Amino acid sequence: MSIPSPTSRPPDADEARLSFTTIQQANKAFAAGSYLEARELCTKALIEYTPYHPVAYANRACMYSKLGYHDLAAGDAYKAVMLMEYVRAVIEGLEEESDEEDRAEGKDAGANGEQERAQGATEAEAMAEEADADGRKQADDSDEEGEPASIFTHIAQAAFSTVSSFLKLSNNIPANEDGEIRRADLKAFVDKFDRLASFYLINSLRQCSSLLDAYEFCESTLKRYKAAAGTIGAVAVAAPPTDTVTGNTGAPGEELQITTASFETLKVHIMEEMNMKLEKALETQKKTGDISPEKSRTILSSGIARRQKYPWNNYEPDRFSEKTLAALNASMWECGERALGKGTVKCEAKVVDLPDLTMRREEKDGKLVQEARLSRHLGIFATQDIYEGEVFFEERTTISGSPYPGRRVLCDYCAERLVEGKMFTCEKCPKTSAAGRATEQALYPAYCSVECLAMAAASHHPTLCGKEDDLSWIYDDIVSSPNPISMYSTLLIKLFAMALHRNKHPLELPETVYLYGAAEPERNLTMRWDFVSCVVRPIWVLTQGLGVDIYSSEGIANFDTWVVNTLMAKVMGTCSGRFEPALGLSQECDDRPDVVNVHPTWSFVNHDCEPNVGWKPEGRGRFWGMAPRAYEGPGGRELVCVRAGQEVKSCYTDRKLSYKVRREWARDMLGGDCQCKRCVKEELEDQDGRDGERKEIEMLVRKVEEGL
């Protein structure tokens, strides 16, 4: 996989016809309830025939909603809205050109009623800036318009031609004939479809509980179309999922009765849900006082998504195969020798059964009862005794993320603290910034060793070399976001860059292929999700930072929303984080780390709130035997922390915390509440304590009543 070309060819007549037929087949599958088949057909239309098709994106958003993937539905609906913005920009550009021609000929532009040919209007170069302003955030201080503008211009051209061909075929005009589509009809279709796609987007965000984004999109849609009060319909699109707000249950291809009143009603429902969500958050945080406006925005924008291996994801290896175990144990051997010396290794990877975090929990006779159920995982087991304080495993970070790598505080590869006078830099990094300022490479990253520089040169740096200015505003956005998962975007930047440099799919990278982040579909795990971190910012990074056309066939195949979500699940489930005062970042979000690191091999060590090993999340992950909490005896060689044959277990949080806080902190990595023996025991004790308090209160009430 190479960086997709910015040149995007509009569909020819055969491609337009095949796409139209495939979308109709998808609608029939949708009507029959075959949502996976419908999703596959829409994806085929996008990748093989018409990759810039907003109708296919909106239809697929409906299919994702029916499958329960509302986060993916939001991603597709957003792309449909953006593509329609590009088409609108081209139409407005053509109208300006027509008006100028009329004025030059002395005609009244307002009375001009000429018709435009559907495929003869792809001269959108002048509209690149407007399309970019409508659909993409630009760096305020950027003086380079060339590459991004070129990409966005070609996207606009291809989207315009795709929509024009689709409208012709919808009106029974063959795509290879010179039938004409009136500009007024094209504008009406774009307006109707933009509102429909906006409705899909708002509803999907609401289903994800990303309520603030849903509310703001609802308001902006109403402002954009406040003058229009008529029915909003669509041509040959799948009906949205049944919703209590609109009551729509239409079949694919029907005219959908969505009005501006639908948006007003939806807005009221979202406001009610926002208030309920804040009230619930206040109840759980009443001990810390009222929620600040910043915290409220975070709560209202934070959503939830299903965390599973998608049925169409063919990139995940068999995690329990001999091949996978052999690959992991080869890495285990290397990490063991790095810590203990050549030929000495004290652990290996094996298959293990662990409590399922999706086990059913219910009340019986006033007691919490949990259904005992196990699920298969990989784990690390000791092959020899591991002693207290003995460093038995050392792994270099292979993916690290932190904002502003050009500040040269941390190594851009392993995230070790840099030492003045011992920094190594890329000779190809430019000596001047994009604005022409002499930088002496001060705006570009440095490395703690020649080895890290070489590893970076073989992974992410060639793609990012010289792009620090292009990405600086994205780092600003990451740092200013109070959302806890925003820092994971720094890892996505590295992973996108690796995939482009190595010409590989992001899920086939050695750094990601074995990371565990998503369960099989039958397990109902979830993960934190927010619209900016998981949809919008990745688009910014790819299009404006790296110059990738995400709408091209290659862009869809490699960077579709489901691919980004899978990467997020993998890094969220395996990375460690730490605060780094030297970076000087503001701590507006108390549970967001400054630096995130992934140690792929060590990520297979399973969690337990009574760990037998300790570790420190730095550039080199060092791991040692750790004594139990209550142990006060002699340590060192006199205390065996992990005996040969026992599983090595690490605490993903701080074992000193209460079970409620430990569960909250570990939920991103585990995908559910921790079910270790300690957490279950403390939860039951907490419940017994509450039962005791309730009985005492009831007894006091009875005594008062008897006294009266």
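In what follows, the structure referred to is the one given above.
Now for a description of the structure that goes with this document. Treat the numbers as computed from the prediction; the structure is a model and nothing was measured.

Thresholds applied
- Residues numbered from 1 in each chain as written.
- Predicted model: local features only at pLDDT ≥ 70, side-chain atom pairs only at ≥ 80, totals over all residues.
- Heavy atoms only, no water.
- Helix = DSSP H or I, 4+ residues; strand = E, 2+ residues; numbered from the N terminus.
- Buried < 20%, exposed > 50% of the residue type's maximum accessible area, 1.4 Å probe, protein only.
- Contact = heavy atoms within 4.5 Å.
- Areas by Shrake-Rupley, 256 points an atom, 1.4 Å probe, with all protein chains shown as cover.
- Axes fitted to C-alpha atoms, helices over the stretch in contact; angles between N-to-C directions.
- Parallel < 35°, antiparallel > 145°, perpendicular 65-115°, else oblique.
- Left-handed = near helix turned anticlockwise from the far one by under 90°.
- Nonpolar A, V, L, I, M, F, W, Y, C, P; charged D, E, K, R; others polar.
- Expected span 1.5 Å × (residues − 1).
- Core = buried A, V, L, I, M, F, W, Y, C linked by side-chain atoms within 4.5 Å.
- Pairing = 2+ DSSP bridges.
- Disulfide = S-S within 2.5 Å.

The next point concerns the overall build of the protein. Tallying secondary structure elements over the protein gives 20 helices and 22 strands in all. For the protein, buried positions account for 54% of its 708 residues. Restricting the contact set of the protein to residue pairs at least 6 apart, pairs at least 24 apart contribute 75%. Accessible surface, the protein: about 31000 Å² in total, of which carbon and sulfur atoms supply 50%.

Moving on, we come to the packing of helix α15 (residues 488–502) against helix α18 (residues 561–574). Between α15 and α18, the least distance of the axes is 10 Å, while the angle of their chain directions is 120 degrees. Overall, the two elements α15 and α18 adopt an arrangement that is oblique. Note on packing geometry: the crossing formed by α15 with α18 is right-handed. Residue-level inspection shows Y488, L491, L492, L495 and F496 of α15 in contact with α18, the latter providing V564, L567, M568, V571 and M572. Grouping the amino acids of the contact of α15 with α18 by side-chain chemistry returns 10 nonpolar, no polar and no charged.

Before going further, it helps to spend a moment on helix α19 (residues 659–670). The first and last C-alpha atoms of α19 sit only 14 Å apart over 12 residues, clearly below the 16 Å expected at 1.5 Å per residue. Taken together, the buried positions of α19 are Y659, R662, R663, A666, D668, M669 and L670.

Before going further, it helps to spend a moment on the nonpolar core. Counting residues in each nonpolar core, the largest one holds 127 residues, and the members touching the most others are Y488, F496, W529 and Y551. Per-element accounting of this core gives the leading share, 15 residues, to helix α4 (residues 70–105).

Attention shifts here to the sheet that holds strand β17 (residues 595–598). Pairing in this open sheet of 3 strands is antiparallel, and the strands run β12-β17-β16 from one edge to the other. In this open sheet, the two strands that pair with only one neighbour each are β12 (399–401) and β16 (576–578). Here the strands of the sheet are splayed against their neighbours by 15 degrees on average, with no regard to which way each runs. With 3 bridges connecting them, β16 and β17 associate as antiparallel partners. Among the inter-strand pairings, R578 is bridged to a residue of β17, identified as V595. α15 contacts β12 and β17 of the sheet and is inclined by roughly 135 degrees relative to β12.

Below, the discussion takes up the pairing of strand β11 (residues 391–396). Burial analysis of β11 places 5 of its 6 residues in the buried class, which makes it a mostly covered element. When β11 meets strand β20 (residues 620–625), the two strands line up antiparallel, connected through 5 bridges. Opposite E395, over in β20, you have G621 as the bridge partner.

This next bit is on helix α2 (residues 35–49). A rise of 1.5 Å per residue sets the reference length of α2, with its 15 residues, at 21 Å; its end C-alpha atoms lie 20 Å apart and thus fit the reference within 8%. A38, R39, L41, C42, T43, A45, L46 and Y49 are the residues of α2 that are buried. On its buried face, α2 is in contact with α1 (13–31), α3 (54–67), α17 (553–559) and α18.

Let us now look at the sheet that holds strand β19 (residues 613–616). Strand pairing in a sheet relies on backbone hydrogen bonds, with the paired strands running either antiparallel or parallel. With respect to topology, 3 strands assemble into an open sheet ordered β11-β20-β19, the strand pairing being antiparallel. Across the chains shown, the open sheet's two edge strands, defined by having one partner strand only, are β11 and β19. Each strand of the sheet is rotated relative to its neighbour by a mean of 20 degrees, with strand direction disregarded. Of the strand pairs in this sheet, β19 and β20 are connected by 4 bridges, and their pairing is antiparallel. Following the sheet pairing, W615 is matched in β20 by F623. Strands in contact with helix α11 (residues 322–340) are β11 and β20; relative to β11, the strand with the most contacts, it is inclined by about 115 degrees.

Another aspect to go through is unusual backbone geometry. In this structure, A415 is a non-glycine residue whose phi angle is positive, near 70 degrees. Here A415 shows up in the loop between β12 and β13 (424–425). Phi is positive for N503, which is not a glycine, with a value near 60 degrees.

What follows covers the side chain of T22. One can find T22 in helix α1. Exposure remark for T22: the relative accessible area of 5% places this residue in the buried category. Non-local contacts of T22, meaning those with residues more than four positions away in its chain, are made with L41, A45 and Y49.

To continue, consider the state of the cysteines. Within the structure shown, the criterion is met by 0 disulfides. Between C674, a free cysteine, and C676, which holds the nearest cysteine sulfur, the sulfur-to-sulfur gap is 3.5 Å. Left unpaired, C679 is separated from the closest cysteine sulfur, that of C609, by 3.6 Å.

With that settled, the discussion passes to the packing of helix α16 (residues 531–545) against α18. Taken N-terminus to C-terminus, the directions of α16 and α18 make an angle of 120 degrees; their axes are 10 Å apart at the nearest point. As judged from the angle between their axes, α16 and α18 are oblique. The way α16 lies across α18 gives a crossing that is right-handed. The residues of α18 that touch α16, namely those facing S533, C534, V535 and P538, are T561, V564, N565 and M568. For the contact of α16 with α18, the residue count by class is 5 nonpolar, 3 polar and no charged.

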